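Residue-level structure breakdown
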Amino acid sequence: MRWPRFDRGACGVSALFATWWLDYTSVVPLKTTEPTPTGDLLDADQAVIDRVLAGDRNAFGILIERYSDPLYRHAYGMTGSADVAEDILQVSFIKAFHHLSEVRGRFDAWVFRIVANGCKDWLKNIRRTHLSYEEDDQPSGLETPEQELDRGEMRRDLDGALSSLPGSLREAFVMKHVEGRSYEEMAELLDATVGALKMRVHRAREALQKLLEDRYS
Amino acid sequence: MMQDSLDPRDAARDPLTEPRSGPSAEPVAGDREVPLAGAEIPSAVHAYLDGDAVSDAALSAAQREVELWKRIGAETGRRRRMVTPAHVQAQILAKLADD
């Protein structure tokens, strides 16, 4: 479904509804990990790259299909906009296509850095007030209007809180909690230490909790 | 709309893949800063959120924080299941074909 546009600068939310779809009685660690490509997949990527460089440009679609979802989630998490995320993804894959002969090592890590830089460039240049935003078309899977409204409120509040974070903290939080990456994979992709990234994620959590706890605790 | 970086420090970098301004450098220009003296989160909650083993007793002592992070986790979990809109791949390939 498509949600109405809203003014990011006016993220105020009305009262919470009592019914939540989460089962609060079970304590389950939230961690999930984005799978790291195996050696076979890396070889398969290289085979596709070789095909594209030999002139089969349609083969590039295999790489888009293989890696666009985590990249889209990253761009969406960083920008809070489905439209901008699509735009960044398109520009990044086109850049990747034109520079494909420069790939050394993992294609997924290389293209991730292109997308991540695209997000940072966008953040540098955007005027951050009164940003229009449209929800993605993903089905929620929820059942009642109250649950849909609750979800919409948390979505908007989380977007508003994320937009207040410095870029490096937002990036670390999104990679950890939205993309579900391990600290080790984040360190590899961002060329930073595990300790530094843990610190960024922890600082991001503390800032987000400060912003959200009055409303949701 | 994508825009090229205006940061002059980016000129000497690989424009495609080199990190912009370093991951630990100053915040991205244009970010609205929040006071980073955020809420204090018990270490057990950080460990829980990192997927480490945490005792039930430690989590019970931080029930308020745990419940907040479960709500946040429900939203981040939904985003983790997002997929690229179907038309994006076709648009990319169409643009490449036009080149």
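Cut-offs and rules
The residue numbers shown here count from 1 along each chain, following its written sequence. Here chains are named by letter from A upward and ligands by number from 1 upward, in the order in which they appear as written. Only residues with pLDDT of at least 70 get local features here, since the model is predicted, and only at 80 or more are side-chain atom pairs given and counted; chain-wide, interface and lining totals rely on the full set of residues. Numbering of helices and strands runs from the N terminus; a helix is a DSSP stretch of H or I covering at least four residues, while a strand is a stretch of E covering at least two. We call a residue exposed when 12 or fewer other C-beta atoms sit within 10 Å of its C-beta, buried when the count reaches 20 or more, and partly exposed for counts in between; the C-beta positions come from the backbone. Each residue gets a C-beta atom placed from its backbone, and two residues are in contact if those atoms lie within 7 Å. Throughout this description, the term nonpolar core refers to a group of buried Ala, Val, Leu, Ile, Met, Phe, Trp, Tyr and Cys residues whose C-beta atoms join them within 7 Å. Helices are assigned an expected span. That span is 1.5 Å times one less than the residue count. Axis angles are defined between N-to-C directions and span 0 to 180 degrees, where every axis is a line fitted to C-alpha atoms and, for a helix, only to the segment in contact. Any angle from 65 to 115 degrees is called roughly perpendicular, while one under 35 is roughly parallel, one over 145 is roughly antiparallel, and all others are oblique. Classification used: nonpolar for Ala, Val, Leu, Ile, Met, Phe, Trp, Tyr, Cys and Pro, charged for Asp, Glu, Lys and Arg, polar for all others including Gly. Note: pLDDT gives the predictor's confidence per residue, expressed from 0 to 100. Here is the rule for handedness: rotate from the far helix to the near one, and if that takes an anticlockwise turn smaller than a right angle the crossing is left-handed, while a clockwise turn gives right-handed.

Take the overall build of chain B next. When you go through chain B residue by residue, the secondary structure sums to four helices and zero strands. Looking at chain B residue by residue over its 99 residues, the buried ones come to 22%.

The next point concerns the overall build of chain A. When helices and strands are counted, chain A shows eight helices and zero strands. Put simply, chain A runs from its N terminus to its C terminus through helices and strands in the order α-α-α-α-α-α-α-α. A buried classification covers 39% of the 217 residues belonging to chain A. Restricting to contacts in chain A with at least 6 residues of sequence separation, those with at least 24 account for 75%.

With that settled, the discussion passes to the environment of Asp157 of chain A. In this structure, Asp157 of chain A sits in helix α5 (residues 145-163). With 42 residues separating them in the primary sequence, Asp157 of chain A and Met199 of chain A have C-alpha atoms 23 Å apart.

Attention shifts here to the nonpolar core. In terms of nonpolar packing, the biggest core is built from 58 residues, with Ala75 and Val115 of chain A touching the most fellow members. Among all residues touching Val115 of chain A, those that are not within four sequence positions of it are Leu71, His74, Ala75, Ile88, Leu89 and Ser92 of chain A.

Attention now moves to helix α1 (residues 39-53) of chain A. Between its terminal C-alpha atoms α1 of chain A stretches 21 Å, which fits the 21 Å expected from 15 residues at 1.5 Å a residue. Trailing α1 of chain A by a residue or two, Gly55 of chain A shows a phi angle of about 120 degrees, which is positive.

To continue, consider the packing of helix α6 (residues 167-178) of chain A against helix α8 (residues 194-216) of chain A. Residue and element names in this part refer to chain A. At a minimum axis distance of 8 Å, the contact between α6 and α8 shows a crossing angle of 95 degrees. Judged on the interaxial angle alone, α8 and α6 are roughly perpendicular. On the side of α6, the interface is formed by Ser168, Leu169, Arg170, Ala172, Phe173 and Lys176, while α8 contributes Leu197, Arg200, Val201, Arg203, Ala204 and Ala207. Class assignment of the residues belonging to the contact of α6 with α8 gives a composition of seven nonpolar, one polar and four charged.

With that out of the way, let us pick up the confidence of the model for chain B. All names here are of chain B. Confidence in the prediction of chain B, expressed as mean pLDDT, is 77, and 66% of residues score 70 or more. Across chain B, the secondary-structure element scoring lowest on mean pLDDT is helix α4 (residues 86-98), at 91, and the one scoring highest is helix α1 (residues 43-49), at 95. When the criterion is pLDDT under 50, residues 1-6 qualifies, and its contacts beyond four places in sequence or with other chains add up to 16 contacts. Note on residues 22-35: pLDDT under 50 across the span, and 31 contacts to partners over four residues away in sequence or across chains. If you check the scores for this complex, the pTM reads 0.73 and the ipTM reads 0.71.

The N-to-C vectors of helix α2 (residues 60-79) of chain A and α4 of chain B enclose an angle of 150 degrees; their axes lie 10 Å apart at closest approach. It follows that α2 of chain A is roughly antiparallel to α4 of chain B by the angle criterion. Note on packing geometry: the crossing formed by α2 of chain A with α4 of chain B is right-handed. Here α2 of chain A contributes Phe60, Gly61, Ile64, Glu65 and Ser68 of chain A to the contact with α4 of chain B, which in turn contributes Val88, Gln89, Ile92, Leu93 and Leu96 of chain B. Here the contact of α2 of chain A with α4 of chain B is composed, by residue class, of six nonpolar, three polar and one charged.

Next up on the list: the environment of Cys119 of chain A. All names here are of chain A. Looking at where Cys119 falls in the secondary structure, it is placed in helix α4 (residues 107-125). By the C-beta count within 10 Å, which is 27 here, Cys119 ends up buried. Sequence separation between Cys119 and Leu211 is 92 residues, and the spatial gap between their C-alpha atoms is 23 Å. Look past the residues within four positions of Cys119 in its chain and what remains in contact with it is Ala75, Met78, Thr79 and Ile88.

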